[in-house]
Amino acid sequence: MILDCHTHLASPHTLPEPFFAGWGENIRRLLPPDLPERHRAKIAARYRLERPDPSGDQHVSELNAAGIDAAVSLIVDFGFAFPEAFPPLEEVFALHHAMALRHPGRFWVFAGIDPRRGSAGVDLFARSIAKWGVRGLKLYPPCGYSPSDPALDPYYDLCAQHKLPVLTHTGPTSPRLSFQHTRPMDVEAAAQRFPNVNFILAHGAVVHREDAALLAEYRPNVYVDTAGFQVAVKRGEWNDTLMRYKRHGILRKLLFGSDWPIHAEHGPLSGWMPRLTGEPGLLTAAERSWILEDNHRELWSCT
Ligand SMILES: [Zn+2]
């Protein structure tokens, strides 16, 4: 079963406007000085949610066209970072649950909860496992906390108990958020404390690649996802990354993730799938299926 381990529900309620606005502000500064203002504005305007899809119908069409069986849909708790633009968290959970019910078997929801929610947050996580069958925990440290903060230990205890993986963002993000606590090594203390919980470094194959690969090589319960590989392909870096994973013998730690709909402006998933595994002949058929299918199985079978 081909699984995309990193996607989001495309709605302004789940990916709020200020998140995208920060990207637009930064891109204007990076453009060449002689570019006419109308072009600058047009490029900056691309950094917004182009096609809202709260039902998941468009996403399922994308999955079908790309030959992907199921996608992990990651809840991000922006409640502390963008309180004015983010609905009550339980509503966001309900939106994801409704989408999963509408498309049976196609979406695996990961709970996203900011540890500053205290015991109410832990209760929500426990209920979402029991009632809604969430399949993992999503952390977004740019909202202002470390993935190794002891306040997360009750969540990790629940993950260990229910054999659920933790997917945590690494690397820079919207400039409206903090880049602190977004390095792979920020996960290291938690990964050492909870050897029975599997941690996925989101975007680890694209940003902070050295540290992410190092942890994947030496820390048994650390995995890396490919979310954002579209950018690495465009930069001409992707073949190098795959070769590095092959040379170091860590392709068994690499997981296919697309970050849909974040890179939707670069084209449909079906067009990107052949490029995910690099130039022809770089990976064997078995290695390809590790990244797309087999490696994911280990995440839900930890002891
Ligand atoms: Zn993402």
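Bear in mind the structure is a predicted one, so any value in this text is a computation, not a measurement.

Asker: Looking at this model, I keep getting lost on the packing of aromatic side chains. Mind explaining?
Answerer: Remark: the centre distance and the inter-plane angle together describe each pair of aromatic rings, the angle taken between the planes. On inspection of all chains with the given rule, the structure shows 14 aromatic pairs. When the centroid spacing of 6.4 Å and the interplanar angle of 75 degrees are considered together, the rings of F19 and W23 count as edge-to-face. With F19 and W23 both in helix α1 (residues 17-30) and 4 residues apart, the pair spans about one turn of that helix. Centre to centre, the rings of F229 and W238 are 5.8 Å apart; their planes meet at 40 degrees, and the pair counts as tilted. Aromatic rings pair up to connect F19, F20, W23, F78, F82, F86 and Y140 into one cluster. Above the plane of the ring of W290 lies R252, whose end atom (NZ or CZ) is 5.6 Å from the centre. The ring of W272 has R275 sitting right over it, with the charged end atom 4.1 Å from the ring centre.

Asker: I keep staring at a nonpolar patch on the surface and nothing clicks. Help me out?
Answerer: Judged by side-chain polarity, M185, L214 and Y218 come together as a nonpolar surface patch covering roughly 330 Å² of accessible area. By the element assignment, Y218 lies in helix α8 (residues 209-218).

Asker: Help me out: how do you make sense of the coordination of the zinc ion in this one?
Answerer: Tetrahedral coordination by four donors sets the ideal angle at the metal to 109.5 degrees; octahedral coordination by six donors sets it to 90 or 180 degrees. Taken together, H6 (NE2), H8 (NE2) and D259 (OD) make up the full set of protein donors to the zinc ion, lying 2.1 Å away. Site description for the zinc ion: donor spacing in sequence, H-x1-H-x250-D. Residue H6 is found in strand β1 (residues 3-7), and its partner D259 is found in the loop between β8 (254-255) and α11 (269-276); the two are separated by 253 residues along the sequence. Pair check on accessibility: H6 and D259 agree, each one buried.

Asker: Would you take a moment to explain the pattern of salt bridges for this structure?
Answerer: Should the charged atoms of two oppositely charged side chains come close, the side chains can pair. Applying the stated rule across the entire model yields 13 salt bridges. Here D57 makes a salt bridge to R102, at a shortest N to O gap of 2.6 Å. One end of the pair, D57, is in helix α3 (residues 57-66); the other, R102, is in helix α4 (residues 89-102), with 45 residues separating them in the sequence. Residue D57 is classed as partly exposed on the basis of its relative accessible area, which comes to 30%. The closest approach of N and O atoms between E237 and R235, which form a salt bridge, is 3.9 Å.

Asker: Just to check I follow, could you spell out a positive patch on the surface for this structure?
Answerer: Taken together, the side chains of R38, K42, R46, K234 and R275 define a basic patch exposed on the protein surface. Structurally, K42 is set in helix α2 (residues 37-45).

Asker: How should the sheet that holds strand β2 (residues 70-74) be read in this particular structure?
Answerer: Each strand in a sheet pairs with another by means of backbone hydrogen bonds, the pair being arranged parallel or else antiparallel. Taking strand neighbours across the sheet as the criterion, the 8 strands line up as β1-β2-β3-β4-β5-β6-β7-β8 in an open arrangement whose pairing is parallel. Every other strand in the sheet has two partners, leaving β1 and β8 as the edge strands with one partner each. Of the strand pairs in this sheet, strand β3 (residues 107-112) and strand β4 (residues 136-139) are connected by 3 bridges, and their pairing is parallel. Pairing of F110 across the sheet is with G136, part of β4.

Asker: I would appreciate a short explanation of the packing of α8 against helix α10 (residues 238-247) in the present structure.
Answerer: When two helices pack together, you describe them by how their axes are tilted relative to each other and by the distance separating the axes. Between α8 and α10, the least distance of the axes is 11 Å, while the angle of their chain directions is 25 degrees. The orientation of α8 with respect to α10, classified from their angle, is roughly parallel. The handedness of the crossing between α8 and α10 is right-handed. Contact with α8, carried on its side by R209, E210, A212 and A213, involves T241, R244 and Y245 of α10 and no other residues of that element. Of the residues that constitute the contact of α8 with α10, the class distribution is 3 nonpolar, 1 polar and 3 charged.

What counts and how
- Residues numbered from 1 in each chain as written.
- Predicted model: local features only at pLDDT ≥ 70, side-chain atom pairs only at ≥ 80, totals over all residues.
- Heavy atoms only, no water.
- Phe/Tyr/Trp six-rings, centres within 6.5 Å; stacked < 30°, edge-to-face > 60°.
- Helix = DSSP H or I, 4+ residues; strand = E, 2+ residues; numbered from the N terminus.
- Lys NZ or Arg CZ within 6 Å of the ring centre and 35° of its normal.
- Patch = residues over 30% accessible without salt bridge, like charges linked within 9 Å, V, L, I, M, F, W, Y side chains within 5 Å.
- Areas by Shrake-Rupley, 256 points an atom, 1.4 Å probe, with all protein chains shown as cover.
- Salt bridge = Lys/Arg side-chain N within 4 Å of Asp/Glu carboxyl O.
- Donors = N, O, S within 2.8 Å, 3.2 Å for Na, K, Ca; no water.
- Buried < 20%, exposed > 50% of the residue type's maximum accessible area, 1.4 Å probe, protein only.
- Lys, Arg positive; Asp, Glu negative; His and termini not counted.
- Charge placed at Lys NZ, Arg CZ, Asp CG, Glu CD.
- Pairing = 2+ DSSP bridges.
- Axes fitted to C-alpha atoms, helices over the stretch in contact; angles between N-to-C directions.
- Parallel < 35°, antiparallel > 145°, perpendicular 65-115°, else oblique.
- Left-handed = near helix turned anticlockwise from the far one by under 90°.
- Contact = heavy atoms within 4.5 Å.
- Nonpolar A, V, L, I, M, F, W, Y, C, P; charged D, E, K, R; others polar.

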